[in-house]
Amino acid sequence: MALGKIKADTLEHSTAGTVDTQFVVNGSVKAYANQDNGTSLNKSLNISSLTDNSTGRYELAITNAFTDANFGQMVCAGPAKEANCNIDTGHNTAAIMASRIYRTDSSAYVDSGDCNYYGVGDLA
């Protein structure tokens, strides 16, 4: 069976207007994960695994790597609010999203999940 192609410069909605396809391609999240207490992932996109390296230090392996380690990354705590998630820039690579999780009341690193990870940029 032959595969077809769709070619378009813009997308148009009947009431919401149009958007250039480059905006859609360049502005889309390329990697996402929802971590649930420790090393379990509830949902993910372009993430192959989650590793607990030490207390409060996690690394997510990206299936299809970014072009370099300077991709846009955001990590945020979920509804539990007892911990903050931060980007661990010293351990990021084109294929790894790294984070540190610490308590909001003492700044001590903790193994507590419920974080969301987002990666934006060009894939290799």
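Scroll up for the structure.
Throughout what follows, the structure given in this document is the object of discussion. As the structure is a prediction and not an experimental result, all values here were calculated from the model. (Residues numbered from 1 in each chain as written. Predicted model: local features only at pLDDT ≥ 70, side-chain atom pairs only at ≥ 80, totals over all residues. Heavy atoms only, no water.)

1. Focus: the packing of aromatic side chains
Then comes step 1: All chains considered together, the criterion is met by 2 aromatic pairs.
Then comes step 2: Both rings, one in tyrosine 32 and one in tyrosine 118, keep their centres 5.3 Å apart while their planes meet at 45°; by these two values the pair is tilted. Of this pair, tyrosine 32 sits in strand 3 (residues 31-36) while tyrosine 118 is found in strand 10 (residues 115-120), placing the two residues 86 residues apart along the sequence.
Then comes step 3: Taking the centre distance of 4.1 Å and the plane angle of 10° together, the rings of phenylalanine 66 and phenylalanine 71 count as stacked.
Then comes step 4: Here phenylalanine 66 falls in the buried class, since its relative accessible area comes to 2%.
Then comes step 5: The cationic tip of arginine 100 hangs over the ring face of tyrosine 109; the distance from NZ or CZ to the ring centre is 3.8 Å. (Phe/Tyr/Trp six-rings, centres within 6.5 Å; stacked < 30°, edge-to-face > 60°. Helix = DSSP H or I, 4+ residues; strand = E, 2+ residues; numbered from the N terminus. Buried < 20%, exposed > 50% of the residue type's maximum accessible area, 1.4 Å probe, protein only. Lys NZ or Arg CZ within 6 Å of the ring centre and 35° of its normal.)

2. Remarks on the pairing of strand 2 (residues 17-20)
Then comes step 1: By the bridge criterion, 4 bridges tie strand 1 (residues 10-13) to strand 2 in an arrangement that is antiparallel. Bridging from a neighbouring strand, threonine 10 pairs with aspartate 20 of strand 2.
Then comes step 2: Between the antiparallel neighbours strand 1 and strand 2 lie 3 residues. (Pairing = 2+ DSSP bridges.)

3. Brief notes about the pattern of salt bridges
Then comes step 1: All chains considered together, the criterion is met by 3 salt bridges.
Then comes step 2: Note that aspartate 105 and arginine 103 form a salt bridge whose closest N and O atoms lie 3.0 Å from each other.
Then comes step 3: Its relative accessible area of 31% is what places arginine 103 among the partly exposed residues.
Then comes step 4: Taken together, the salt bridges that share partners define one network made up of Arg57, Glu59 and Asp88. (Salt bridge = Lys/Arg side-chain N within 4 Å of Asp/Glu carboxyl O.)

4. A short note on the sheet that holds strand 5 (residues 47-54)
Then comes step 1: Taken in spatial order, the 4 strands line up as 5-6-9-8 in an open sheet, and their pairing is antiparallel. The open sheet has two edge strands with one neighbour each: strand 5 and strand 8 (83-87). Neighbour-to-neighbour, the strand axes of this sheet turn through a mean angle of 25°, independent of strand direction.
Then comes step 2: In this sheet, strand 6 (residues 57-62) lies alongside strand 5 in antiparallel orientation, the contact comprising 6 bridges. (Axes fitted to C-alpha atoms, helices over the stretch in contact; angles between N-to-C directions.)

5. What about the pairing of strand 6?
Then comes step 1: Burial of strand 6 is extensive: 6 of the 6 residues sit out of reach of the surface.
Then comes step 2: On strand 6, burial covers both faces: Arg57, Glu59 and Ala61 on one face and Tyr58, Leu60 and Ile62 on the other are all buried.
Then comes step 3: The antiparallel hairpin formed by strand 5 and strand 6 contains 2 residues in its connecting segment, where glycine 56 sits at a positive phi of about 75°.
Then comes step 4: Here 5 bridges tie strand 6 to strand 9 (residues 96-103), and the two strands are oriented antiparallel to one another. Looking at the pairing, glutamate 59 lines up with alanine 98 of strand 9.

6. Thoughts on the environment of serine 40
Then comes step 1: Topologically, serine 40 is positioned in strand 4 (residues 40-45).
Then comes step 2: Along the chain, serine 40 and threonine 51 lie 11 residues apart, while their C-alpha atoms are 9.2 Å from each other.
Then comes step 3: Residues within four places of serine 40 in sequence aside, it is in contact with Asn34, Gln35 and Leu50. (Contact = heavy atoms within 4.5 Å.)

Any link to function would need more than the numbers given here.
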